[in-house]
Amino acid sequence: MKKKFTMALGIALVITMVLSGCSKGSSGAPKTNYDPAEYIELGAYTDLPYYTEEVEVTDEELQEQIDLVLLYATETETVTEGVVEDGDTINVAFVGKIDGKEFEGGSSESYDITIGTTSMIDGFVEGLIGKNIGETVTLNLKFPDDYGNQDVAGKDVVFDVTINSKNVSKTPELTDDFVKEYYDAENVEAFKEQLKADLIADKETSRDNSIKSSLWNVILETSNLKSSPEEEVTLAKEQVAKLEEDYKSQATMYGLEWADFLQTMMGTDEAGFQTMMDDYVNDIVKNNVVVKAISKAENISFTESEFKERIQEILDQNGLTEDTFKSYYNMTIEEYAEENGWRDNFLLEKIMDKVLELGKEVPKDEFDAFVESMLPAEEEAQAETPAEPNAEG
């Protein structure tokens, strides 16, 4: 199967959230039962500075990506011949005897060992280095005096070890044939050029997202929420309640009581957590009202056809089909998008594209100075959004 270059950079789908705290599961289009202008005094979102400093890809960075491509294509096979060397992963069968008698826990028909990593009693792993696959080796050893099992601690032991097999990794060479077969490139040079172009595009996206994130925080910081629309408060509370459920599921997964989880993982107590959630509700409300106010002022929306096109674009960029996506995530990409608030993110992309369109290009140092002058120090580093627990562990 032909692989797209983007897969060399990781198959996981990433949607960059420019907006901190945008609500999940909403329509994505600025539909409201209220006039946002009645609730918010918008900060400046026109004539804001931005920069387009040219990005570069070094030879070292390009080689790192080539190495990842080859690593991704590396295949491991089990062989039954050869010699055991340091670093090998081997499979062995062994029988241990003390005073000529087998003892409990001293035998196995199949046991994997990585030379240099797997910990056994002194001499066991070392005694297999240099031996042939298929060979049976007799090891005369001694359990240490402080061995955990006192029944065998300090006793002499004989292990008869049969080396069944070892795993051999085969990393392909970067050749014209390889890139033609797996990456649809004419030759190695064409492959490198395309890979470099992908890396440059990646860096440009990262740069632009960083700019948009900083400018969005400036817009929020300079906007004044006069009062909170009830429907936004309700939606925000629903989102925060779901977030709290996720945290509690995380606590259960770790086997921790809720209070212990908060103290250990978040450095707070239940009162502190509630304050954090209350603040988060306020942040979400302000975010969403600002989004809808700008959307209305600039007549920006995100249609259903645009949503479907964007979804297909993400699939194509990651070399996936709807079926393969469903096999990875156990749901359709549309279901995943709705569950994870992609519509909001797509709408934000359009809003921030408009902000840049209405902005002015300046040198990077002038942009940095502007952001520093407009934001509190802690907001420059990161958006004020509680980290969501990793539900996948």
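Residues numbered from 1 in each chain as written. Predicted model: local features only at pLDDT ≥ 70, side-chain atom pairs only at ≥ 80, totals over all residues. Heavy atoms only, no water.

Enquirer: Please explain the overall build of the chain as it appears in this structure.
Expert: For the chain, the helix and strand inventory stands at 12 helices and 9 strands. Scored against the burial criterion, the 393 residues of the chain give a buried share of 37%. The long-range share in the chain, meaning contacts at least 24 apart out of those at least 6 apart in sequence, stands at 77%. Accessible surface, the chain: about 22,100 Å² in total, of which carbon and sulfur atoms supply 45%. (Helix = DSSP H or I, 4+ residues; strand = E, 2+ residues; numbered from the N terminus. Buried < 20%, exposed > 50% of the residue type's maximum accessible area, 1.4 Å probe, protein only. Contact = heavy atoms within 4.5 Å. Areas by Shrake-Rupley, 256 points an atom, 1.4 Å probe, with all protein chains shown as cover.)

Enquirer: How should the pairing of strand β4 (residues 89-98) be read in this particular structure?
Expert: It is a general feature of regular strands that their side chains alternate between the two faces of the sheet. Of all 10 residues that make up β4, 7 are buried, and the element is covered over most of its length. Judged from the 8 bridges that link them, β4 and strand β5 (residues 101-114) form a sheet pairing that is antiparallel. Paired with Thr89 across the bridge in β5 is Thr114. The hairpin formed by β4 and β5 contains 2 residues between the paired strands, and Asp99 there has a positive phi angle of roughly 55 degrees. (Pairing = 2+ DSSP bridges.)

Enquirer: Mind showing me how you'd approach a negative patch on the surface here?
Expert: Taken together, Asp176, Asp177, Glu181, Glu189 and Glu193 make up a surface patch of like negative charges. The element that contributes the greatest number of residues to the negative patch is helix α2 (residues 176-183), accounting for 3 residues. Tracing the sequence through the fold places Glu181 in helix α2. (Patch = residues over 30% accessible without salt bridge, like charges linked within 9 Å, V, L, I, M, F, W, Y side chains within 5 Å. Salt bridge = Lys/Arg side-chain N within 4 Å of Asp/Glu carboxyl O. Lys, Arg positive; Asp, Glu negative; His and termini not counted. Charge placed at Lys NZ, Arg CZ, Asp CG, Glu CD.)

Enquirer: What am I meant to see in helix α3 (residues 188-222) here?
Expert: Because each turn of an α-helix spans 3.6 residues, side chains separated by three or four positions in sequence point in the same direction. The terminal C-alpha atoms of α3, which comprises 35 residues, lie 51 Å apart, in line with the 51 Å expected from a rise of 1.5 Å per residue. Residue Asn187 occupies the N-cap position of α3, its side-chain oxygen lying 3.2 Å from the main-chain nitrogen of Glu189. (Expected span 1.5 Å × (residues − 1). Polar contact = N/O pair within 3.5 Å; in protein donor to acceptor, adjacent residues only side chain to side chain.)

Enquirer: Before we go on, may I ask you to explain the nonpolar core in this structure?
Expert: One finds Leu215, Trp216, Ile219, Ile311, Trp342, Ile351 and Val355 to be the most contacted residues of the largest nonpolar core, which totals 56 residues. Looking at this core, the elements with two or more residues in it are α3, α4 (230-254), α5 (258-266), α6 (270-298), α7 (304-317), α9 (333-339), α10 (342-357) and α11 (364-374). Core analysis: the second largest hydrophobic core is formed by 22 residues, Phe103, Ile115, Phe124 and Phe159 among them. (Core = buried A, V, L, I, M, F, W, Y, C linked by side-chain atoms within 4.5 Å.)

Enquirer: Quick question: what am I supposed to make of the pattern of salt bridges here?
Expert: Between side chains of opposite charge, a pair can form when the charged atoms approach closely. Here the structure, examined in full by the defined rule, presents 16 salt bridges. Linking Lys242 and Asp246 is a salt bridge whose minimum nitrogen-to-oxygen distance equals 2.9 Å. In this pair, Lys242 and Asp246 are both assigned in helix α4, 4 residues apart and thus about one turn of the helix distant. Between Arg310 and Glu313 there is a salt bridge, with the nearest N and O atoms lying 3.6 Å from each other. Here Arg310 and its partner Glu313 are both found in helix α7, 3 residues apart, which amounts to about one turn of the helix. With a relative accessible area of 37%, Glu313 lands in the partly exposed category. One network of salt bridges, in which partners are shared, links Glu304, Glu338 and Arg343.

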